[in-house]
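# Chain and residue survey
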Amino acid sequence: MLSARHAPPDPRRPDVDALRARIDAIARFLRLSGPHLDEADLSGPRAVLERAGRRLELSRDHTVVALAGATGSGKSSLFNAVARLELSRVGVRRPTTGVAHACVWGPIDGASDLLDWIGVAPRQRFVRESPLDGDDEAALRGLVLLDLPDFDSVAPEHRVEVDRLLNLVDLVVWVVDPQKYADRTLHQAYLSQFASHRDVTVVVLNQADRLSPADTDRVVADLSGLLAANGLGDVPVLATAATDPGRLGPLRAALEGTVSARQAALLRLAADVDVSVQGLRPFVGPAVAEDAVDRASVRRLAEALAAAAGVGAVAEAAQRSYRARALAATGWPPLRWLRHFRRDPLRDLRLGGDGGRGASSLPAPQPAQHAAAALAVREIAERAAESLPTPWPAAVLAGARSRLADLPDALDQAISRTDLDLDRRPLWWRVWRAAQWFGALAVLLGVGWLIADYVVRALALPRLEAPAAGVVPLSVAVAAGGVVLGLLLAMLGRPLVRFGAARARRRALKRLQASVIEVARQQVVAPVREVLQAYAQTREALTAAERRAR
Amino acid sequence: MPAQTPPPASRDGATGLPPGSPPDALIAALDGLRSVIASVDFALTTPSAAPARDLSGHLVHQVDDYLLPRLRRLDAPVLVVVGGSTGAGKSTLVNSLVQAPVTASGVLRPTTRCPVLVCHPDDAAWFRTGDLLPDLTRVNAPTAEPGAVQLVPAPALPAGLALLDAPDIDSVADDNRALAGQLLAAADLWLFVTTAARYADAVPWTLLSTARRRGAVIALVLDRTPAGAQAEVAGHLREMLVANGLESAPLFVVPETGMDGQGLLPETDTAPLRQWLAQLAEDADMRAGVVRQTLDGALAALGPDVDLLAAAAADQHAAATTLTEKVNVARQAAREGVAHAVKDGALLRGEVLARWQDFVGSGDLVRNLEAQVGRARDRVVAALTGRPAPGRQLRGAMESGLSALLRGAAADAVEQARQAWRHDPVGVALLDAAPTAPTADLHARVERLVRDWQRAVLELVRSEGADKRARARGAAYAVNATSLAVMIAVFASTAFVPTGAEVAAAGGVTIAGQKVLEAIFGDQAIRALAEKARLDLDLRTNALLRAELDPFAELLPERGVAAARSAQLRTAGTAVAAARANAGLSADGAAPLPAWEGDE
């Protein structure tokens, strides 16, 4: 069965590069998801990575096969029978084997590093290379056969050793016997854990000589049924008897096939990677676009941030500032300079003009505004992570909050830097200003004329011929005209100023909101996207780590 | 002596009870203990919970299956349960002992799924009544149905002794294991079968040490021993028995041999065991001794087991308390956050500030001073312009601020509680059922809360104003405006740190508003009002958060009940121990087993 599977031209044979690529994909997954997932969930795949890396560095010309089984199932007898030497101690006292023994077919040099890594002490290593055998053992060259301790006896340290070794070997031959083949420990704790490793699993019903041939078939069938229930349906089940060399044939053939194919190590690692992928699959779900942050949530966030940053107050200040400046620019010149004693509302907040350097004097955001902003941040994260599996929503929320501490300063800076158009001087201001000056000059001229006229009269100098506009003298008319012009301009200007101020407010609001949205994108949405990107990449890495369709 | 109709005198002799003290007290105490144990559930995944759940199920079974029926009929036949690993040859051994193929043996594992009870035809009536092992149905033929026991009368077996071929203790069939445990707990005598290949397996030894702890009378059979290995294996097994405190258990060695046509072992191989059993069956005193010792041992073992359950129940209570405490901490933190935000006058600033300025500066206050006129005008203005009156606008701003604050607090509380549970080994198991976000109708409930609070403040001002001199002076003011001002005072009474011109101006206005209020109500009264309103808000916040976190609490057992369980268990355990001491079932510790020459 095995030998058929591992015939050299088999197109399904795993290829080292593909395996390496899958291992790299797992490594990528771990690297990307490390900051977001629980370390305990990743320790298994991490161990697999480490192990796979080591195994691939070591000799791939050797195939490590372990004989595992319960106490009294005849592992050691089988070990000795396959090696055709009395290597491992066999006894009736249970449990017998406490440490693993290894037998290497062929020169030991190449296998030494491998056995060091597996942890078989040098004095438990045997070499099966004898000129006496001739070519009998040639087919098994490259086999490293391990005799494992039992896993079900009263000696718990045996079990610890078995658990350690089972992770490192390339192929496991489970040795069971007619008495123990249905033991719970064997099936529950071991065989069911090897469902993914069915390519590197062989089950041997040892001590078959104790059963009649008919009973052997029945037991093998029953055992196969139990294996199928554990997901090991197509695993080879061989009946052997350590005491009868004639019944070792199938096992030896299976071993020879495995050894000559040199694929067991790769198959084993591929199965390990499969298990890792299986274990990591719950951590990825449906694909999520990196820009899955919806616009409505961003708008709500920006609104909440704007309220917290005092955008309304700034816009109002901009309105009042416009008003003050407009009145200063278009007011009646004699009174206008008084306006310079008033303070600009925006400068009170340290905004506008020289803004963009220091911090503003805007009041700090208040708990209610804080709460509103925090709610909006939470909403963004929840929306973005809606369809993600368990650990990710928390990661997205953490990401959304990661720059929260910098947010107030960023908002303040953004508001400080926003150009509120303070230097803008509309054309009508200039027209008004000129007209006001003209009116003021007219008043000055008229009044000057009147004064000159009075002085001339008082000094009894020859009267100046004064033109008259109707009944009033022209000087009076000019002065009065100037006053009337000034008042008229002031009156006409007010609605314009009001209109302009409202517009300035709206404009400021729009620009401030744009700045705040920019901040929201940088400080909240960007980190959320980073997490979503990490998710997408881990997802992609896991897909890459999956076994290619064979 | 036919076992089911012993003469009265002989029965008294067999039970060994002092005259006039039937085991009624013991039965009553056991009944009490059983109901207490059955009522405790170990829902929280504390480290002690899973073993306690198993133990509690086991104890209930043992009381029902064995202790109560045995106490009621101390003279009933001795039940020898043949237990052991799968493939150990239990069924073959039972068949060989009764010299008939009463129970199926075979090469497929596990072989025995339906337990087979073999007894003398005279004893069959007692076993058929179903006092012992009441939840197993009695059948006459092998059945695949779970929960059945096959009854086989076998004349070859002496009266007064029955053999029960139990399913294995360690095969892949999980219900076999459970059933075997149940049957072994009902045994008067354990006949433990192991083999040369199995005698060092971990599973049977765990069971044997449990049996020893429970004081059960045990005999061992070392089955399927290969020829030539008998001395070594038996010697090693005896060493292990001594090391495990089971040196008093007789050990029978049965060699691995071929079987005859009926699948029975050669008679010579089982002869010592058969003779030993026959000896036990013949001697009524010896039988009674075995029954009483196992019974007494089982009763004595209840003490430590009940203590374990009580400790596990205490663990449950402690875990529930810890988890509740964590939820409370989360709630308290959220509540304090709200209290703090409200207390430092913060809600006043921003929008609230602007509206308050509207309210004071636009003359609304002056208008409201003329109560009826002002209110009427507000309504007219509202009706004409479609804009809410300034007073109501101010309230609206405060509402939305407070609403955001409370919603944030509720979301934080839920998150904090989840976070705290995530880091708790017990809590993390409950997280799947725990809410991940506040309830969907939180928004509506918060708004309702704010409105209710505002009404309460209004009511407060009304009632406080009623019996104070302020009533006369405040009569000119709309109670409406006053209550609004009180709300403001709640927020602003402590702090208006002038960080900017806006704030200073607002502070000034706030001072003005407060001064007006103080003029009306008096300084002390205002403080009292503000404090009451704040307290009211705090209580409402707490109630809201409590309701939000309720789903967490619902996942935990009620703490009062959990606390009582532990004490109830201990009390019931002590009652059983006292009743056992009075009953005097077992005179001394030595097992009254027949001597066996192979023992030495």
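Residues numbered from 1 in each chain as written. Chains lettered and ligands numbered in written order. Predicted model: local features only at pLDDT ≥ 70, side-chain atom pairs only at ≥ 80, totals over all residues. Heavy atoms only, no water.

Quick look at the overall build of chain A now. Summing up its helical and strand segments, chain A has 19 helices and 9 strands in all. A total of 550 residues make up chain A; the buried ones form 50% of that total. Summarising the internal contacts of chain A: among those between residues at least 6 apart in sequence, 80% fall at separations of at least 24. Carbon together with sulfur atoms contributes 57% to the accessible area of chain A, which is approximately 25,600 Å² in total. (Helix = DSSP H or I, 4+ residues; strand = E, 2+ residues; numbered from the N terminus. Buried < 20%, exposed > 50% of the residue type's maximum accessible area, 1.4 Å probe, protein only. Contact = heavy atoms within 4.5 Å. Areas by Shrake-Rupley, 256 points an atom, 1.4 Å probe, with all protein chains shown as cover.)

When helices and strands are counted, chain B shows 21 helices and 8 strands. A total of 600 residues make up chain B; the buried ones form 52% of that total. Pairs at least 24 residues apart make up 80% of the contacts formed inside chain B by residues separated by at least 6 positions. Here chain B has roughly 24,700 Å² of accessible surface; of this, 56% comes from carbon and sulfur atoms.

Before going further, it helps to spend a moment on the packing of helix α17 (residues 407–417) of chain A against helix α19 (residues 474–545) of chain A. All names here are of chain A. Close contact between α17 and α19 brings their axes to 9 Å; oriented N to C, the two are set at 150 degrees. For the element pair α17 / α19, the angle class is roughly antiparallel. At the point where α17 passes α19, the crossing takes the right-handed sense. Residue-level contacts link L407, A410, L411, A414 and I415 of α17 to L512, S515, V516, V519, Q523 and V524 of α19. Taken together, the residues that form the contact of α17 with α19 break down as 9 nonpolar, 2 polar and no charged. (Axes fitted to C-alpha atoms, helices over the stretch in contact; angles between N-to-C directions. Parallel < 35°, antiparallel > 145°, perpendicular 65-115°, else oblique. Left-handed = near helix turned anticlockwise from the far one by under 90°. Nonpolar A, V, L, I, M, F, W, Y, C, P; charged D, E, K, R; others polar.)

Turning our attention to unusual backbone geometry. Where the residue is not glycine, phi is negative for most of them; where a peptide bond is considered, it is trans in most cases. Residues and elements named next belong to chain B. Positive phi, normally seen in glycine, also occurs at Q99, with a value near 60 degrees. For Q99, the position within the fold is in the loop between α4 (90–98) and β2 (116–119). Under the relative-accessibility criterion, Q99 is labelled partly exposed at 33%. Unusually for a residue other than glycine, L133 sits at a positive phi of about 50 degrees.

Once that is clear, we can look at the interface of chain A and chain B. Taken together, the 41 residues of chain A in the interface contact 46 residues of chain B. Buried area between chain A and chain B, both sides added, is near 3,600 Å², and the carbon and sulfur share of it is 57%. If you look at where chain A meets chain B, you find 7 salt bridges. Here R184(A) and D174(B) are joined by a salt bridge, their closest N and O atoms 3.4 Å apart. Joining chain A to chain B, the criterion identifies 13 residue pairs in polar contact (both at pLDDT 80 or more). (Buried area = accessible area lost by both parts, 1.4 Å probe. Salt bridge = Lys/Arg side-chain N within 4 Å of Asp/Glu carboxyl O. Polar contact = N/O pair within 3.5 Å; in protein donor to acceptor, adjacent residues only side chain to side chain.)

Another aspect to go through is the packing of aromatic side chains. With the rule as written, the count across this model stands at 11 aromatic pairs over all chains. Aromatic side chains F151(A) and W174(A) sit 6.2 Å apart centroid to centroid with 65 degrees between the ring planes, which places their arrangement in the edge-to-face category. Taken together, the residues F151(A) in the loop between β4 (143–147) and α6 (156–166) and W174(A) in strand β5 (residues 171–176) connect sequence positions 23 residues apart. The two residues F151(A) and W174(A) agree in class, both being buried. Taken together, F151(A), W174(A), Y190(A) and F194(A) form an aromatic cluster joined through their ring pairs. In this arrangement the basic side chain of R73(B) is found over the ring face of W126(B), its NZ or CZ atom lying 5.0 Å from the centre. (Phe/Tyr/Trp six-rings, centres within 6.5 Å; stacked < 30°, edge-to-face > 60°. Lys NZ or Arg CZ within 6 Å of the ring centre and 35° of its normal.)

Residues and elements named next belong to chain A. For the pair helix α2 (residues 16–33) and α19, interaxial distance at closest approach is 8 Å and the crossing angle is 160 degrees. With respect to their mutual orientation, α2 and α19 come out roughly antiparallel. Considering only the axes of α2 and α19, their crossing is left-handed. Listed contacts from α19 to R22, A25, I26, R28, F29, L32 and S33 of α2 are A534, Q537, T538, E540, A541, L542, A544 and A545. Residues of the contact of α2 with α19, tallied by class, amount to 9 nonpolar, 3 polar and 3 charged.

Attention now goes to the sheet that holds strand β7 (residues 217–225) of chain B. Residue and element names in this part refer to chain B. With mixed pairing, 8 strands are arranged side by side in an open sheet as β3-β4-β2-β5-β1-β6-β7-β8. One side of each edge strand has no neighbouring strand; the edge strands of this open sheet are β3 (137–139) and β8 (251–255). Neighbour to neighbour, the strand axes of the sheet diverge by 25 degrees on average, direction disregarded. Here β7 pairs with β8 via 4 bridges, running parallel. In the sheet register, L222 faces β8, and the bridge partner there is V253. (Pairing = 2+ DSSP bridges.)

The next point concerns the pairing of strand β3 (residues 125–128) of chain A. Residues and elements named next belong to chain A. Here strand β2 (residues 101–105) runs beside β3; their pairing, made up of 4 bridges, is parallel. Bridge pairing in β3 links C103 to F126. Regarding the hand of the β-α-β motif, the stretch spanning β2, helix α5 (residues 109–118) and β3 is right-handed. (Right-handed = clockwise from strand over helix to strand, strands pointing away.)

Quick look at the sheet that holds strand β1 (residues 63–69) of chain A now. All names here are of chain A. A sheet is described by the order of its strands in space; here 7 strands give the open sequence β3-β2-β4-β1-β5-β6-β7, paired in mixed fashion. Two strands bound the open sheet, and with one partner strand each, they are β3 and β7 (237–239). With direction set aside, neighbouring strand axes in the sheet form an average angle of 25 degrees. Both β1 and β5 contribute to a ladder of 5 bridges, which runs parallel. Opposite V65, over in β5, you have L171 as the bridge partner.

Turning next to the confidence of the model for chain A. Residues and elements named next belong to chain A. Averaged over every residue, the pLDDT of chain A is 81; residues scoring 70 or more account for 88%. Ranking the helices and strands of chain A by mean pLDDT puts β5 first, with 90, and helix α1 (residues 2–5) last, with 43. The model gives residues 1–12 a pLDDT under 50, and that stretch makes 19 contacts with residues more than four places away or in other chains. (pLDDT = per-residue confidence, 0-100.)

A few words on the environment of V173(A). All names here are of chain A. Assignment of secondary structure puts V173 in strand β5. Given a relative accessible area of 1%, V173 falls into the buried group. Note: C-alpha distance between V173 and L267 (94 residues apart in sequence) is 15 Å. Excluding residues within four positions of it along the chain, V173 makes contact with V65, A66, L67, A68, V202, V204 and L251.

This next bit is on the pattern of salt bridges. The final tally for this structure, using the stated rule, is 44 salt bridges over all chains. In this structure, E256(B) engages R224(B) in a salt bridge whose closest nitrogen and oxygen atoms are separated by 3.3 Å. Residue E256(B) is found in the loop between β8 and α9 (267–282), and its partner R224(B) is found in strand β7; the two are separated by 32 residues along the sequence. One salt bridge connects R335(B) with D538(B), and the closest N-O pair in it is separated by 2.9 Å. On the criterion of sequence distance, the pair formed by R335(B) in helix α10 (residues 284–343) and D538(B) in helix α20 (residues 523–554) is long-range, its members being 203 residues apart. This pair shows no difference in class: R335(B) is buried, exactly as D538(B) is. Salt bridges here are not isolated pairs; linked through shared partners, they connect D152(A), K180(A), D183(A), D170(B), R198(B) and D201(B).

Let's shift gears to the pairing of β1(A). Residue and element names in this part refer to chain A. The buried count for β1 comes to 7 of 7 residues, which makes it a mostly enclosed element. Of the two faces of β1, the one carrying T63, V65, L67 and G69 and the one carrying V64, A66 and A68 are both buried. Inspection of the sheet shows β1 paired to β4 by 5 bridges, in the parallel sense. Considered in β4, the bridge of V64 is made with V144.

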